[in-house]
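Notes for the structure review
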Amino acid sequence: MATKQILRAQLRSYPANGHSAYLPQVRKIVLEYCQKLPSSTNTRTFISNDLQRVAWQNPHVEFVVKQRNGHEPIARGFYVNGRDKVIPLQEFEVNGVEKKVQLLLDSSGAKIKQLKKGRLVESTTEAARGIWSGLHVDTPFKI
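What counts and what doesn't
Here the residue index of a chain counts from 1 through its sequence in written order. Owing to the predicted nature of the model, reporting of local features is limited to residues with pLDDT of at least 70; listing and counting of side-chain atom pairs is limited to 80 or more, with chain, interface and lining totals taken over all residues. Just so you know, side-chain values use all the structure's heavy atoms and leave hydrogens and water out. Working definition: helices are DSSP H or I runs of at least four residues, strands are E runs of at least two. Numbering for both runs from the N terminus. The buried label goes to any residue with under 20% of its type's maximum accessible area, the exposed label to any with over 50%, and the partly exposed label to all in between, with areas taken from a 1.4 Å probe on protein chains only. Contact between two residues is taken to exist if any of their heavy atoms lie within 4.5 Å; hydrogens are not considered. Any two strands between which DSSP finds at least two bridges are classified as paired. Only the stretch in contact is used when fitting a helix axis, every axis being a line fitted to C-alpha atoms; angles between N-to-C directions are given from 0 to 180 degrees.

1. What to know about the environment of isoleucine 29
Tracing the backbone shows isoleucine 29 in strand β1 (residues 26–33). With relative accessibility at 0%, the residue isoleucine 29 sits in the buried group. Each C-alpha atom, one on isoleucine 29 and one on leucine 105, is 8.2 Å from the other, the two residues being 76 residues apart in sequence. If near-sequence neighbours (up to four positions away) are discounted, isoleucine 29 is found in contact with Val61, Glu62, Phe63, Val64, Arg76, Gly77, Val101, Leu104 and Leu105.

2. Describing the sheet that holds strand β4 (residues 84–88)
A sheet is described by the order of its strands in space; here 4 strands give the open sequence β2-β1-β3-β4, paired in mixed fashion. Where the open sheet ends on each side, the last strands, each with one partner, are β2 (62–67) and β4. This sheet shows a mean twist of 15 degrees between the axes of neighbouring strands, independent of strand direction. Inspection of the sheet shows strand β3 (residues 74–79) paired to β4 by 5 bridges, in the antiparallel sense.

If you want it as structure tokens, here you go:
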């Protein structure tokens, strides 16, 4: 009986999100602002006072600050899957800017998709009768 050769590349485990490891999906956040527009005041305040703390808390993310004169302030997140998300920042206070940056940090970068009409749960295997739970019946299930 011949044995099959196992190559080293076949023994490699690929990183994946799960219960033991979490891989952040965001790789870079770019903050763009104008030096003169009054709508960029709170963004400039966030950059000068709070951005360093946020960057220290998230060492896996590259933070870039870019000055764009004559443009409204925006935060742009670039993700591992090749997508990006853009959030305008002109109407937010300083803590609102921080919340929007945190939203980009927590986001997966996946495209937002609608659930099919009438379905509350998406499943890879469809069930004929739906999802059953012993907690949602009139009398509890006894063994």
